[in-house]
Amino acid sequence: MREAGRINATVHAAVRDLLQPGVSTADLDAAAEDVLKKFGVVSPFKGYGHPPFPNSITVSINEELVHGIPSKDRKLKEGDIVSIDCGTYYQGYVADSAFTGGVGQISEKAAKLLEVTEKSLYAGIEKMRPGNMTGDVSEAIQQYVESHGYHVTREYTGHGVGKQMHEGPQVPNYGKAGTGVLLQPGVVIAIEPMVLIGTHRTKVAKDNWTVVSADGSLTAHFEHSIAVTEGEPLILTVL
Ligand code: MG
Ligand code: MG
């Protein structure tokens, strides 16, 4: 899973370099595919769900929270914030991670949203210790996000990850400490705060995939796959 995570981080680095005005979201997917091919692996995103997801990464811009479908007609613009989510399937194991990056100069409002969302991920990671419960992770994320006046999504959650991309337990971005599933060494969770400026409400676009904020407000998403160990939480999805 660590190797899967390294490859996933390599994909992210390649895509991050391309977050420039005029680049299409299909170009980002192609860059991700190039990296995956180089390592001889595939993304579990391709063909996932109903209707089958057509690409290796999801690209979700501004009010799009998650699950955006890459397209050659969708070009990045200065000031956009772009969430890239990717998975790597390597020797029977999956890694799953996401980040949101800016295109050129972004607004202060957008920069603050990215900062709070990413820090809420680390607030959750900090709770990934033996003896804690998944609810400790959930509560830490929710408290951090809401203390900055933002909202966490209700319909989409973090999750166990291993031989499948989505395994139990579900780990929502809201909840109560001391509830849920006990964390023990060897448990791996994809923690993924999905944060909205306006309200927590979302809707699904006509393509049946793209999830957008119900009020059109900006959104952000960060994710790492984290292993519980006897000691510090181990982030698998880094180089
Ligand atoms: Mg993901
Ligand atoms: Mg995930």
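Scroll up for the structure.
Residues numbered from 1 in each chain as written. Chains lettered and ligands numbered in written order. Predicted model: local features only at pLDDT ≥ 70, side-chain atom pairs only at ≥ 80, totals over all residues. Heavy atoms only, no water.

Teacher, can you tell me more about the overall build of the protein here?
Each helix and strand counted, the protein has four helices and 14 strands in total. For the protein, the C-alpha radius of gyration of 17 Å lies close to 18 Å, the compact-globule estimate for 239 residues. With respect to the three principal axes, the spread of C-alpha positions in the protein is 50 × 40 × 30 Å. Burial status across the protein gives 52% buried among its 239 residues. For the protein, the accessible surface area stands at approximately 10,300 Å², while carbon and sulfur atoms represent 52% of it. The average position of the 21 basic charges and that of the 28 acidic charges among the side chains of the protein differ by 2 Å. (Helix = DSSP H or I, 4+ residues; strand = E, 2+ residues; numbered from the N terminus. Rg over C-alpha atoms; globule rule 2.2 N^0.38 Å. Buried < 20%, exposed > 50% of the residue type's maximum accessible area, 1.4 Å probe, protein only. Areas by Shrake-Rupley, 256 points an atom, 1.4 Å probe, with all protein chains shown as cover. Lys, Arg positive; Asp, Glu negative; His and termini not counted. Charge placed at Lys NZ, Arg CZ, Asp CG, Glu CD.)

Please clarify how helix 2 (residues 25-38) should be interpreted in this entry.
Residues that lie three or four places apart on an α-helix share one face, since the helix turns once every 3.6 residues. Compared with the 20 Å implied by 1.5 Å per residue over 14 residues, the 20 Å span of helix 2 between its first and last C-alpha is a close match. Among the residues making up helix 2, those that are buried are T25, L28, D29, A31, A32, E33, V35 and L36. Of the surrounding secondary structure, the elements contacted by the buried residues of helix 2 are helix 1 (2-16), strand 1 (57-61) and strand 3 (81-90). Looking at the residues trailing helix 2, positive phi occurs at G40, about 70°. (Expected span 1.5 Å × (residues − 1). Contact = heavy atoms within 4.5 Å.)

Can you walk me through the coordination of the magnesium ion (ligand 2) in this structure?
In an ideal octahedron of six donors the angles at the metal are 90 or 180 degrees, and in an ideal tetrahedron of four donors they are 109.5 degrees. Those protein atoms acting as donors to the magnesium ion (ligand 2) are D96 (OD), H159 (NE2), E192 (OE) and E223 (OE), and they sit at 2.1 to 2.2 Å. One chain supplies every donor to the magnesium ion (ligand 2), and in sequence these donors are spaced D-x62-H-x32-E-x30-E. Since its relative accessible area comes to 6%, E192 is described here as buried. (Donors = N, O, S within 2.8 Å, 3.2 Å for Na, K, Ca; no water.)

So what exactly am I meant to see when it comes to the coordination of the magnesium ion (ligand 1) here?
The magnesium ion (ligand 1) binds to the protein through D85 (OD), D85 (OD), D96 (OD) and E223 (OE); the donor distances cover 2.0 to 2.5 Å. Along the chain, the residues donating to the magnesium ion (ligand 1) fall in the pattern D-x10-D-x126-E. If you look at the magnesium ion (ligand 1) and the magnesium ion (ligand 2), they sit 3.2 Å from each other and are both ligated by D96. Here D96 lies in strand 4 (residues 93-102) and D85 lies in strand 3, a separation of eleven residues in the sequence. Here D85 matches D96 in class, with each residue buried.

Quick question: what am I supposed to make of the environment of K38 here?
Mapped onto the secondary structure, K38 falls in helix 2. It is 9.9 Å that separates the C-alpha atoms of K38 and I7, two residues lying 31 residues apart in sequence.

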